[in-house]
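# Results of the structural survey
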Amino acid sequence: DQQVKQNSPSLSVQEGRISILNCDYTNSMFDYFLWYKKYPAEGPTFLISISSIKDKNEDGRFTVFLNKSAKHLSLHIVPSQPGDSAVYFCAAIEETSGSRLTFGEGTQLTVNP
Amino acid sequence: NAGVMQNPRHLVRRRGQEARLRCSPMKGHSHVYWYRQLPEEGLKFMVYLQKENIIDESGMPKERFSAEFPKEGPSILRIQQVVRGDSAAYFCASSLTGIREQFFGPGTRLTVL
């Protein structure tokens, strides 16, 4: 049972344009969401997070949007840079039952110069 | 380097041998998590430990796998009698408070021949 889904295995954008990565979840008890970036042969790096009491959180070029009614969140990167090329993982926590992260399958972002 | 440390980075074992993976959390962090990433998949939670205690082992296979986080020294993930299906990247993460953001190490890539 895949509770967190990233339906796009890959995304390709031009440098300077916006990258939009999407994530859907099925467990309505999830109340905290995170995005991680991962380069090959490295561990995931924390990017940005959002609590379920908010619908937007912004940090520099990265903005995460949460639509609770649709059980959907998205990560916007603007402007996109070639160094952003990596696999992006969405993750969720159900805080009342522990702190384990439930990850999506990841989306490979390629930013072309 | 104040980040999460994992060693070895690469480990090759023959079927039936034991694998020991070590994780030193970030300085000041007493919460440690282990995740496994099989090829072409997202990360899957295995176990959550706090100094000397296993808090949540709901993701651990019932046999051959064990984890500990002693009062002194690194956390150890131990896999006995490894099989080819154990080949994966094993990531350790640590947290200051045990809630929300977790910070990952570079991973140990286990190959079972």
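Coordinates for the structure precede this section.
The notes below deal with the structure included here. Counting restarts for each chain, with residues numbered from 1 along the sequence as it is written. Key to labels: chains lettered from A, ligands numbered from 1, both in the order written. Thresholds applied to this predicted model are a pLDDT of at least 70 for local features of residues and 80 or more for the giving and counting of side-chain atom pairs; totals over whole chains, interfaces and linings are not thresholded and use all residues. Side-chain measures here rest on the full set of heavy atoms in the structure, leaving out hydrogens and waters.

## Some words on the overall build of chain B
Scanning chain B for helices and strands turns up zero helices and eleven strands. Each helix is a run of H or I in the DSSP string that is no shorter than four residues. Each strand is a run of E no shorter than two, and both are numbered from the N terminus. Along chain B, from the amino end to the carboxyl end, the secondary structure elements read β-β-β-β-β-β-β-β-β-β-β. To get the radius of gyration, use the C-alpha atoms; to get the globule rule, take the number of residues to the power 0.38 and multiply by 2.2 Å. A compact globule built from 113 residues would reach a C-alpha radius of gyration of about 13 Å, and chain B, at 13 Å, matches this within 12%. Based on the C-alpha atoms only, the size of chain B along its principal axes is roughly 40 × 25 × 25 Å. Any residue under 20% of the maximum accessible area for its type is buried, any over 50% is exposed, and the rest in between are partly exposed; the area is computed with a 1.4 Å probe on protein chains only. Relative to its 113 residues, chain B shows a buried fraction of 44%. Taking the intrachain contacts of chain B between residues at least 6 apart in sequence as the baseline, contacts between residues at least 24 apart amount to 52%. Approximately 5,900 Å² of chain B is accessible, and the part contributed by carbon and sulfur atoms is 48%. His is not counted, nor are the chain ends, whereas Lys and Arg count as positive and Asp and Glu as negative. Note that the charge is assigned to NZ on lysines, CZ on arginines, CG on aspartates and CD on glutamates. In chain B, 17 positive and 11 negative side-chain charges are present, and the distance between their average locations comes to 6 Å. It only takes one pair of heavy atoms within 4.5 Å for two residues to be counted as in contact. Per-residue and other accessible areas follow the Shrake-Rupley method at a 1.4 Å probe size, with only the shown protein chains counted as cover for residues.

## Considerations on the interface of chain B and chain A
With 23 residues of chain B in contact, the opposing surface of chain A contributes 21 residues. Two parts placed together each lose some accessible area; with a 1.4 Å probe, that loss summed over both constitutes the buried area. Between chain B and chain A, a total of about 1,600 Å² is buried, with carbon and sulfur atoms accounting for 55% of that surface. Among the residues chain B hides against chain A, the three largest losses belong to Leu43, Arg100 and Glu101 of chain B. Together they make up 34% of the total. The working definition used for a salt bridge is a side-chain nitrogen of Lys or Arg within 4 Å of a carboxyl oxygen of Asp or Glu. Inspection of the region where chain B meets chain A yields two salt bridges. Across the pair Glu95 of chain A and Arg100 of chain B runs a salt bridge, and its minimum N-O distance is 2.8 Å. In protein, a polar contact requires one atom able to donate a hydrogen and another able to accept it; more generally it is a pair of N or O atoms within 3.5 Å, and residues adjacent in sequence count only if both atoms are side-chain atoms. Along the contact surface separating chain B from chain A lie nine residue pairs in polar contact (both at pLDDT 80 or more). Top contributing element to the side of chain B that touches chain A by residue count: strand β5 (residues 43-50) of chain B, with four residues. Residue composition of the side of chain B that touches chain A, grouped by class: ten nonpolar, six polar and seven charged. Residue type decides the class: Asp, Glu, Lys and Arg count as charged, Ala, Val, Leu, Ile, Met, Phe, Trp, Tyr, Cys and Pro as nonpolar, and the leftover types, Gly among them, as polar.

## Some details on the packing of aromatic side chains
Aromatic pairs are defined between Phe, Tyr and Trp rings, using the six-membered ring for Trp, whenever the two ring centres lie within 6.5 Å; interplanar angles under 30 degrees are classed as stacked, those over 60 as edge-to-face, and all others as tilted. In the structure shown here, the tally under the stated rule is twelve aromatic pairs over all chains. Ring centres 4.5 Å apart and planes at 10° place the aromatic pair Tyr33 of chain B and Tyr48 of chain B in the stacked group. A residue pair is termed long-range when its members are at least 10 positions apart, and Tyr33 of chain B in strand β4 (residues 31-37) and Tyr48 of chain B in strand β5 qualify at 15 residues. The burial state of Tyr33 of chain B is the same as that of Tyr48 of chain B; both residues are buried. Put simply, the rings of Tyr36, Phe46, Phe89 and Phe103 of chain A together with Tyr35, Phe45, Phe103 and Phe104 of chain B touch in pairs and so form one group of aromatic residues.

## Some words on unusual backbone geometry
A cis geometry characterises the amide bond from Val78 of chain A onward to Pro79 of chain A, with omega recorded as -5°. Summarising the element assignment, Pro79 of chain A is placed in the loop between β8 (72-77) and β9 (86-93). Put simply, Asn7 of chain B and Pro8 of chain B share a cis peptide bond, and its omega is -5°. With respect to the helices, strands and loops of the structure, Pro8 of chain B is situated in the loop between β1 (5-7) and β2 (10-13). For Gln81 of chain B, which is not a glycine, the phi torsion comes out positive at approximately 45°. Inspection of the secondary structure puts Gln81 of chain B in the loop between β8 (75-79) and β9 (88-95). Owing to a relative accessible area of 54%, Gln81 of chain B belongs among the exposed residues under this scheme. In the Ramachandran plot, Arg100 of chain B falls in the positive-phi region, its phi being about 65° despite a non-glycine side chain. You can see Arg100 of chain B is positioned in the loop between β9 and β10 (103-104). Residue classification places Arg100 of chain B among the partly exposed residues on the basis of a relative accessible area of 29%.

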